[in-house]
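So the chains spell out like this:
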Amino acid sequence: MVSVPAKRAAVAFATTKGLSQRRACTLMKTARSALQYASRLKQQGAAPLAKMAELSAQYPRYGYRRISIFLGRDGHAMSFGRAHRLWRKAELQVPRKNSRNRVSASRPGPNAPTGPNQVWSTAPRVFAKSLGAMKTEVRATHRQAKRKYKTRMRTPSKLDPHLAEIEGWFAAEPDITALAIL
């Protein structure tokens, strides 16, 4: 499916190549009355779009909803849906917040382990602190230490009774091949 503006452009291209307007419209399956249509959407959204870009530069942490409220106060009243469409068209975006791990001075210190099987949870920052590089805290978590996987018994194969005999063959003749064994 081709959009109407694309069909209009195709008809204009066909007429430059020598086709009549009526024949080009028939080939593109578009009405001749659609050729004179001029969209006012770009002209209608130009002023609010410029103001929206200006406001988002002034208030970088505000999103499209808050900016559309400011636009309404300036005389560019619009719905949040239209504001969102213009926001995406202008490729405006609220910058991501820097997430810093802040340690409060009033926070109590870490609890020392009080019993067996208590594991210290250490992150790279905590390890760096233990070396004296950073000022962060260590927290004890009360959980069981991880256990290794259960060892499984190897199931005997039909070859097991004959392994000693085969190893004897290899010890006696190191150059022996599989065909010679069979």
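Details of the structure are given in the entry above.
Since we're looking at a predicted model, the values are computed, not measured. Along each chain, residues carry numbers from 1 onward, in the same order as the chain's sequence is written. The model is predicted, so local features are restricted to residues of pLDDT at least 70 and side-chain atom pairs to those at 80 or more, both for listing and for counting; the totals for chains, interfaces and linings are taken over all residues. Computation of side-chain values covers all heavy atoms of the structure but excludes hydrogens and water.

Asker: Can you help me understand the packing of helix H3 (residues 41-58) against helix H4 (residues 64-73) in this one?
Answerer: The convention used is that axes are lines fitted to C-alpha atoms, helices contributing only their stretch in contact, and that angles between N-to-C directions extend from 0 to 180 degrees. Strands are runs of DSSP state E lasting at least 2 residues, helices are runs of H or I lasting at least 4, and numbering of each runs from the N terminus. Contact geometry for H3 and H4: axes closest at 10 Å, N-to-C directions at 120 degrees. On the basis of their axis angle, the class for H3 and H4 is oblique. Considering only the axes of H3 and H4, their crossing is right-handed. Of H4, the residues touching H3 (which contributes Pro48, Lys51, Met52, Leu55 and Ser56) are Ile67, Phe70 and Leu71. Polar here means any residue other than Ala, Val, Leu, Ile, Met, Phe, Trp, Tyr, Cys and Pro, which are nonpolar, and Asp, Glu, Lys and Arg, which are charged; Gly is therefore polar. Its residues placed into classes, the contact of H3 with H4 shows six nonpolar, one polar and one charged. If an angle is under 35 degrees, it is roughly parallel; if it is over 145, roughly antiparallel; if it lies from 65 to 115, roughly perpendicular; otherwise it is oblique. Take the far helix as your reference; a near helix turned counterclockwise from it by less than a right angle gives a left-handed crossing, and one turned clockwise gives a right-handed crossing. Any two residues whose heavy atoms approach within 4.5 Å are treated as being in contact.

Asker: Help me out: how do you make sense of H3 in this one?
Answerer: Every α-helical turn comprises 3.6 residues, leaving residues that sit three or four positions apart pointing alike. Taking 1.5 Å as the rise per residue, H3 with 18 residues should run 26 Å; its terminal C-alpha atoms sit 26 Å apart, in good agreement. The term bend refers to the angle at a residue between two fitted axes, each drawn through seven residues, those ending there and those starting there. Along H3, the sharpest change in direction is near 30 degrees and occurs at Ala47; proline Pro48 comes one to four residues later. Restricting attention to buried positions, one finds in H3 the residues Gly45, Pro48, Met52, Leu55 and Ser56. The secondary structure elements touched by the buried residues of H3 are H4 and helix H5 (80-89). To estimate how far a helix should extend, the number of its residues minus one is multiplied by 1.5 Å. Categorising residues by exposure relies on relative accessible area from a 1.4 Å probe, with only protein chains included: less than 20% of the type maximum marks a residue as buried, more than 50% marks it as exposed, and the intermediate range marks it as partly exposed.

Asker: Looking at this structure, how should I read the packing of H3 against H5?
Answerer: A pair of packed helices is captured by two measures, namely the crossing angle of their axes and the spacing between those axes. Interaxial distance between H3 and H5 falls to 10 Å at its minimum, and their mutual angle equals 75 degrees. Taken together, the axes of H3 and H5 lie roughly perpendicular to each other. Taking contact as the criterion, the partners of Lys42, Gln44, Gly45, Pro48, Leu49, Met52 and Ser56 in H3 are, on H5, Arg82, Ala83, Leu86, Trp87 and Lys89. Residues belonging to the contact of H3 with H5 are distributed by class as follows: six nonpolar, three polar and three charged.

Asker: It is not clear to me how H5 should be interpreted in this structure. Could you clarify?
Answerer: Turning to H5, its buried residues number three or more, namely Ala83, Leu86 and Trp87. Buried residues along H5 cover an arc of 105 degrees about the axis, so they all sit on one side. Turned more than 90 degrees away from the buried face of H5 sit Arg88 and Lys89, all of them exposed. For H5, the secondary structure elements touched by its buried residues are H3 and H4. Trailing H5 by a residue or two, Glu91 shows a phi angle of about 55 degrees, which is positive. The arc in question is traced by the directions running from the helix axis to the C-beta atoms.

Asker: Whenever I open this one, the nonpolar core confuses me. Can you help?
Answerer: Within soluble globular proteins, side chains that are nonpolar tend to cluster in buried spots. As used in this record, nonpolar core signifies buried Ala, Val, Leu, Ile, Met, Phe, Trp, Tyr and Cys residues forming a set joined through side-chain atoms within 4.5 Å. Met52, Leu55, Ile67, Phe70, Leu71, Met78, Ala83, Leu86, Trp87 and Leu92 form the largest nonpolar core, which has ten residues in total. Elements with a minimum of two residues in this core: H3, H4 and H5. When sequence neighbours within four positions are dropped, the list of residues in contact with Leu92 reads Met52, Ala53, Ser56 and Trp87. Judged by nonpolar contacts, the second largest core, of five residues, contains Val11, Ala14, Ala24 and Leu35.

Asker: Help me understand the packing of aromatic side chains in this model?
Answerer: Any aromatic ring pair is given by two values, namely how distant the centres are and how the planes are angled relative to each other. Pairing of aromatic rings covers Phe, Tyr and Trp, the last counted by its six-membered ring, and requires centre-to-centre distances within 6.5 Å; plane angles under 30 degrees mean stacked, over 60 mean edge-to-face, and any other angle means tilted. All told, the structure shown has three aromatic pairs when counted by the stated rule. With 5.1 Å between their ring centres and 25 degrees between their planes, Tyr59 and Phe70 make a pair best called stacked. Residue Tyr59 is found in the loop between H3 and H4, and its partner Phe70 is found in helix H4; the two are separated by eleven residues along the sequence. Here Tyr59 falls in the partly exposed class, since its relative accessible area comes to 29%. Members of the aromatic cluster, each reached through a chain of ring pairs, are Tyr59, Tyr62 and Phe70. Working rule: Lys NZ or Arg CZ, within 6 Å of ring centre, within 35 degrees of ring normal, means a charge sits over the ring. Arg65 extends its terminal NZ or CZ atom over the ring of Phe80, reaching a point 5.0 Å from the ring centre. The aromatic ring of Phe70 is capped on one face by Arg66, whose charged end is 4.9 Å from the ring centroid.

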